[in-house]
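# Examining the three-dimensional arrangement
Given next are the chains, with one letter for each unit.
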Amino acid sequence: MRRFATLLIIAAALIYFGSGSANAQIPDLRELIPQGDASVSGRIVQMLALLTVLSVAPGLLIMVTCFTRFIIALSFLRAGLGLQTTPANLILISLALFMTFYVMAPTFDKAWQNGLRPLIENKITEEQAYTEITAPFKEFMLAHVREKDVQLFANLADAEGGNMQPGQEVEMRVLIPAFMISELRRGFEIGFLIILPFLVIDMIVATLTMSMGMMMLPPTIISLPFKILFFVLIDGWNLLVGGLIRSFG
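Along each chain, residues carry numbers from 1 onward, in the same order as the chain's sequence is written. Under the rules for a predicted model, residues below a pLDDT of 70 receive no local features and side-chain atom pairs below 80 are neither given nor counted, while totals for whole chains, interfaces and linings still include all residues. Side-chain measures here rest on the full set of heavy atoms in the structure, leaving out hydrogens and waters.

Per an unreviewed UniProt entry, the protein chain is named Flagellar biosynthetic protein FliP, and its organism is Candidatus Filomicrobium marinum. UniProt positions are given in the numbering used here, feature names are shortened, and annotations may be inferred rather than shown by experiment. Here the protein chain is described in UniProt, under the heading Function (unreviewed entry), as follows: "Plays a role in the flagellum-specific transport system."

See below:
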């Protein structure tokens, strides 16, 4: 019994002194964020903003680059060939991404040299960095957006009374959606030109099978190898990728 009581006393002492040393090791938040010093709090806000931007980076890539046009054209190609999962989505998206990086390389380089690198080196402020980083993307979008689409969103945003004047600065909230619908329109135009020859092959095969009385045989089963052979013989991947990249001048 005495031994048990002694063990209880020793355990209580260890818990007491252990908790005291642990409490001594816990840092005080007031030491991490000094009172009246806004620089640390500002850094925390900047870190949260950076994490937010990184979380929406895929969406930003789609909105302000040529990725939309590329992925739509490649999707139309797969639909025209009649293939459901070949090439796989991963392959099409990866190809569209590398094509996007190739086209947008000058824009990315300007944003890095004029905005991001000076910001990292503390040569400019965050406001100046935002202006320098967005300027190349705004220049790219203005070069490929339709004026009609810009006017549409300017009217919706009621910017300057809804009338865009020549040489007027276009806000990003107006330019980005206008650029996206412009890219969607061009992507569907290119997709129509891609799918048209495959549609002709389907019609020819369907006419032949109907004339031969093969009512129960789906024409797509016969037309699929002919469409793949046609696309390979004309070196379709080279023509399509080259044409998509050259469409941005």
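## A look at the UniProt feature "transmembrane region" (unreviewed entry) in the protein chain
Residues given the UniProt feature "transmembrane region" (unreviewed entry) here are residues 48–77, 89–108, 190–212 and 224–245. Counted over residues 89–108, helix gives 100% and strand 0%. Its end C-alpha atoms are 25 Å apart. Each helix is a run of H or I in the DSSP string that is no shorter than four residues. Each strand is a run of E no shorter than two, and both are numbered from the N terminus. The span residues 190–212 shows a helical share of 96% and a strand share of 0%, and its end C-alpha atoms are spaced 35 Å apart.

## Brief notes about the environment of Met99
As for its position among the elements, Met99 is in helix H6 (residues 89–120). Linking Met99 and Cys66, residues 33 residues apart in sequence, is a C-alpha distance of 8.7 Å. A contact between two residues is defined here by any heavy atoms of the two lying within 4.5 Å. Not counting residues up to four positions away in its chain, the partners in contact with Met99 are Phe70, Val241, Leu244 and Ile245.

## Thoughts on the pattern of salt bridges
Salt bridges, as used here, are contacts in which a Lys or Arg side-chain nitrogen is within 4 Å of a carboxyl oxygen on Asp or Glu. Scanning the entire structure with this criterion turns up 5 salt bridges. Two residues, Asp149 and Arg146, come together in a salt bridge whose shortest N-O distance is 3.1 Å. Each residue's exposure class comes from its accessible area (1.4 Å probe, protein chains only) as a fraction of the maximum for that residue type: buried when under 20%, exposed when over 50%, partly exposed otherwise. Assessed through its relative accessible area of 6%, Asp149 is described here as buried. Across the salt bridge formed by Glu189 and Arg185, the nearest N and O atoms sit 2.8 Å from each other. Highlighted residues: Glu189 and Arg185, both in helix H9 (residues 172–211), separated by 4 residues, approximately one helical turn. The exposure class assigned to Arg185 is partly exposed, which follows from its relative accessible area of 39%. Within the structure, one salt-bridge network assembled from shared partners comprises Arg69, Glu183 and Arg186.

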